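Structural features, examined
One letter stands for each residue in the lines below.
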Amino acid sequence: VKLSYSGYIPQSALVGSYGYQHGNSFLPDWNWAVGGVASITIWDWMKTHYQVQASKASLVEAKENREYAREGILLGVKQAYFDLRSTEQVIVTGEAAIMEAEENHRVMKMKYEAQMATGVEVLDAAMMLAKARADYHAAAYDYWTSLSRLARAVEADEAAISTAKPLAGRCGGER
């Protein structure tokens, strides 16, 4: 904006030269010249006025864009944080589902050995246990992905991610 106000200020220039020329009998061997120019544009003042107004509008737009970008970054950080918290809850639920499926599988095996359940029921229990474990590992993967997104949103370094401890569950793959 300050630069666009320069159209109101007269422009000036100072020019000088110094030279040597040998062999011309009409001019001295050493010569020099100094000149100056000052100019002001009188009829284009409204042009300068509109340039100043355009600069002010550009400044307002740049400030709004900066605020929009700041809000976008803040939203990204909040979203990454809430995604991380959500995956923590899925991990806790997954651990409970694994424990329930393990118990169900154990009971079905005992019933099968006592001839109170069929082999299909034992296979169903084993399938539910495998699905619970797969869901748990998918949740652990989602947890680490969410942690990476959060680290990227807050521009954390790689060392901070690698040393991070799970906030819930055993996301390290113990199961």
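Residues numbered from 1 in each chain as written. Predicted model: local features only at pLDDT ≥ 70, side-chain atom pairs only at ≥ 80, totals over all residues. Heavy atoms only, no water.

On to the overall build of the protein chain, then. The secondary structure content of the protein chain amounts to three helices and two strands. For the protein chain, the succession of helices and strands along the chain, N to C, is β-β-α-α-α. When the 175 residues of the protein chain are sorted by exposure, 17% land in the buried category. Put simply, of all contacts in the protein chain between residues at least 6 apart along the chain, 63% involve residues at least 24 apart. Of the accessible surface of the protein chain, which amounts to about 13,600 Å², a share of 61% is contributed by carbon and sulfur atoms. (Helix = DSSP H or I, 4+ residues; strand = E, 2+ residues; numbered from the N terminus. Buried < 20%, exposed > 50% of the residue type's maximum accessible area, 1.4 Å probe, protein only. Contact = heavy atoms within 4.5 Å. Areas by Shrake-Rupley, 256 points an atom, 1.4 Å probe, with all protein chains shown as cover.)

This paragraph deals with the pattern of salt bridges. Scanning the entire structure with this criterion turns up five salt bridges. As a salt-bridge pair, R85 and E88 come within 2.9 Å of each other at their nearest N and O atoms. Residue R85 and its partner E88 are both found in helix α1 (residues 45–113); the two are separated by three residues, about one turn of the helix. According to the relative accessible area criterion, E88 is buried, its value standing at 2%. Between E102 and R133 there is a salt bridge, and its shortest N-O distance comes to 3.2 Å. Remark: R133 occurs in helix α2 (residues 119–153) and E102 occurs in helix α1; sequence separation between them is 31 residues. When its relative accessible area of 36% is taken as the criterion, R133 is described as partly exposed. (Salt bridge = Lys/Arg side-chain N within 4 Å of Asp/Glu carboxyl O.)

Here the focus is a nonpolar patch on the surface. Taken together, the side chains of L14, Y18, Y20, W30, W32 and V34 make up a nonpolar region of the molecular surface, amounting to roughly 870 Å² of accessible area. Mapped by element, the contributors of at least two residues to the nonpolar patch are β1 (11–20) and β2 (30–39). In this fold, Y18 is placed in strand β1. (Patch = residues over 30% accessible without salt bridge, like charges linked within 9 Å, V, L, I, M, F, W, Y side chains within 5 Å.)

Rolled over the atoms, a probe as big as a water molecule pinpoints where empty space is left. By volume, the largest pocket is sized at about 200 Å³. Along the walls of the largest pocket sit 13 residues, with S6, G7, Q11, T41 and T48 positioned nearest its centre. A total of four residues in the lining of the largest pocket trace back to one element, the largest contributor, which is α1. By residue class, the composition of the lining of the largest pocket is three nonpolar, eight polar and two charged. (1 Å grid on protein atoms, 1.4 Å probe; cavity = no way out; pocket = protein on both sides within 12 Å on 5 of 7 lines; lining within 4 Å. Points joined across faces, edges and corners; volume = space filled by probe spheres on them. Nonpolar A, V, L, I, M, F, W, Y, C, P; charged D, E, K, R; others polar.)

This part takes up the confidence of the model for the protein chain. On average, residues of the protein chain score 84 in pLDDT, and 85% of them reach the 70 mark or higher. Between residues 171–175, whose pLDDT stays under 50, and residues either more than four places distant or in other chains, the model counts 13 contacts. (pLDDT = per-residue confidence, 0-100.)

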